[in-house]
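# An overview of the molecular structure
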Amino acid sequence: MKHYLFILFYLFCNVFIYAFQGSLWVYLFCFLMFSAVVIWGSFDIGLGYFVNSITHKRTKIKEVALTFDDGPTEFTPKFLDLLKENNIKATFFCIGKQIEKHPETFQRIIAEGHTIGNHTFSHSNNTGFLSTSKMIEEIEKCDEVLLKSGSVQNNLYRPPFGVTNPNIAKAFRKTHKKSIGWKCSFFAIRLHEDEKKIYQKVTEGLKKGSIILPHDTSEKT
Ligand SMILES: [Zn+2]
């Protein structure tokens with residue numbers, strides 16, 4: 001996908017510069033367009049602009065993957081109860097700091113057979129601006145907590161906020177992580193929306209093999 005975008009953008013700029021030769025506005029316009037493409041690529045994980053993420057499974061079976069981000073929290077046990085009742089296995093992308101706050105809940109996630117993934121140590125709001133070494137530190141520190149807490153090591157990683165950029169891409173390569181994205185996200189439907197709306201948003205975007213991203217940080221989810 002990213003290659004098509006680059007080629008399209010390159011051709012577009014060339015035609016534009018040729019058509020309006022010499023005008024400073026043309027260069028400014030191209031620069032703004034380029035910035036827009038980079039920002040779009042940074043925030044849309046499905047685009048695979050900087051990092052190739054797994055965003056769905058190709059399948060003919062009616063199946064979806066539930067992946068919970070940002071826990072464990074005080075709400076996670078309720079999620080675990082529901083999963084157990086319905087005999088469903090999910091993946092929990094945990095934050096290192098949260099595991100330290102809720103060690104018993106983390107042990108329950110493991111004991112009940114769910115898969116664990118890395119979601120950085122501190123889930124920094126500045127994730128998009130961190131250096132490669134700081135990003136590596138965030139990933140490795142979370143791995144340390146995961147291992148210390150008895151989780152099996154794997155390469156599953158979910159980028160906080162779905163943000164990717166060249167520094168993050170380098171950190172993935174150095175730490176041998178595989179980025180797991182999503183197709184159907186609760187991202188935009190956080191605390192202010194009611195349960196019915198959340199349910200509606202999830203089911204209307206659902207396809208065979210979708211990866212669904214709820215957060216175990218709210219009772220409404
Ligand atoms: Zn997150």
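Being a predicted model, the structure only gives us computed values, none of them experimental.

## What about the overall build of the protein?
Looking only at helices and strands, the protein has eight helices and seven strands in total. In terms of overall dimensions, the protein has C-alpha extents of about 65 × 40 × 35 Å along its principal axes. For the protein, the proportion of contacts with a sequence separation of at least 24, taken over those separated by at least 6, is 72%.

## Here's the deal with the packing of aromatic side chains
Taken as a whole and judged by the stated rule, the model has three aromatic pairs. Here the aromatic rings of Phe68 and Phe92 are separated by 5.0 Å at their centres, their planes lie at 25°, and the arrangement is stacked. Residue Phe68 is found in strand 1 (residues 65-69), and its partner Phe92 is found in strand 2 (residues 91-94); the two are separated by 24 residues along the sequence. Judged on exposure class, the residue Phe68 and its partner Phe92 are both buried. Ring plane angle 70° and centroid distance 5.0 Å describe the contact between Tyr157 and Phe172, whose orientation is recorded as edge-to-face. On the criterion of sequence distance, the pair formed by Tyr157 in strand 4 (residues 156-157) and Phe172 in helix 7 (residues 166-175) is long-range, its members being 15 residues apart. Taken individually, Tyr157 and Phe172 each receive the classification buried, so the pair is uniform in this respect. Through a chain of ring-to-ring contacts, the aromatic side chains of Phe68, Phe79 and Phe92 assemble into a single cluster.

## Things to note about the pairing of strand 2
Alternating positions in strand 2 separate into two faces, Thr91 and Phe93 on one and Phe92 and Cys94 on the other, with burial throughout. Relative to strand 2, strand 1 runs parallel, the two sharing three bridges. Residue pairing across strands places Phe68 opposite Phe92, the latter belonging to strand 2. Handedness of the crossover joining strand 1 and strand 2 through helix 3 (residues 76-85): right-handed.

## As for the coordination of the zinc ion
Coordination of the zinc ion by the protein is provided by Asp70 (OD), His119 (NE2) and His123 (NE2), with metal-donor distances spanning 2.1 Å. The motif formed by the donor residues of the zinc ion, counted along the single chain, is D-x48-H-x3-H. Look at His119 and you get buried, because its relative accessible area is 1%. By relative accessible area, which is 12% here, His123 ends up buried.

## Comments concerning the nonpolar core
Counting 18 residues, the largest nonpolar core has Val51, Met135, Ile139, Tyr157, Ile168, Ala171 and Phe172 as the members making the most contacts within it. At the level of elements, helix 1 (2-19), helix 2 (24-43), helix 6 (132-148) and helix 7 are the ones that each hand at least two residues to this core.

## A few points about the packing of helix 3 against helix 5 (residues 103-111)
Running from amino to carboxyl end, helix 3 crosses helix 5 at an angle of 20°, the nearest separation of the two axes being 10 Å. In terms of axis orientation, helix 3 runs roughly parallel to helix 5. Judged by the twist between their axes, the crossing of helix 3 over helix 5 is left-handed. Contact with helix 3, carried on its side by Thr76, Pro77, Leu80 and Asp81, involves Thr105, Arg108 and Ile109 of helix 5 and no other residues of that element. Each residue belonging to the contact of helix 3 with helix 5 can be placed in one class, and the counts come to three nonpolar, two polar and two charged.

## Section: the pattern of salt bridges
One pass over the full model with this rule turns up eight salt bridges. Residue Arg108 is joined to Asp81 by a salt bridge in which the shortest nitrogen-to-oxygen separation is 2.8 Å. With Arg108 in helix 5 and Asp81 in helix 3, the pair connects residues that are 27 residues apart, well separated along the chain. For Arg108, a relative accessible area of 24% corresponds to the partly exposed category. For Asp81, a relative accessible area of 37% gives the class partly exposed.

## A short note on the side chain of Ser218
One can find Ser218 in the segment after strand 7 (211-213). A distance of 3.0 Å separates a polar atom in the side chain of Ser218 from the backbone nitrogen of Lys220.

## So, helix 2
Taking 1.5 Å per residue, 20 residues should reach 28 Å; helix 2 reaches 29 Å between its end C-alpha atoms and fits that length. Of the residues making up helix 2, those classed as buried are Val26, Cys30, Val37, Gly41 and Ser42. Along the long axis of helix 2, the arc covered by the buried residues comes to 145°, so they all point the same way. Facing away from the buried surface of helix 2 by more than 90 degrees, the exposed residues are Leu24, Trp25, Phe31, Leu32, Ile39 and Phe43.

Cut-offs used in this document
Residues numbered from 1 in each chain as written. Predicted model: local features only at pLDDT ≥ 70, side-chain atom pairs only at ≥ 80, totals over all residues. Heavy atoms only, no water. Helix = DSSP H or I, 4+ residues; strand = E, 2+ residues; numbered from the N terminus. Contact = heavy atoms within 4.5 Å. Phe/Tyr/Trp six-rings, centres within 6.5 Å; stacked < 30°, edge-to-face > 60°. Buried < 20%, exposed > 50% of the residue type's maximum accessible area, 1.4 Å probe, protein only. Pairing = 2+ DSSP bridges. Right-handed = clockwise from strand over helix to strand, strands pointing away. Donors = N, O, S within 2.8 Å, 3.2 Å for Na, K, Ca; no water. Core = buried A, V, L, I, M, F, W, Y, C linked by side-chain atoms within 4.5 Å. Axes fitted to C-alpha atoms, helices over the stretch in contact; angles between N-to-C directions. Parallel < 35°, antiparallel > 145°, perpendicular 65-115°, else oblique. Left-handed = near helix turned anticlockwise from the far one by under 90°. Nonpolar A, V, L, I, M, F, W, Y, C, P; charged D, E, K, R; others polar. Salt bridge = Lys/Arg side-chain N within 4 Å of Asp/Glu carboxyl O. Polar contact = N/O pair within 3.5 Å; in protein donor to acceptor, adjacent residues only side chain to side chain. Expected span 1.5 Å × (residues − 1). Arc of directions from axis to C-beta.

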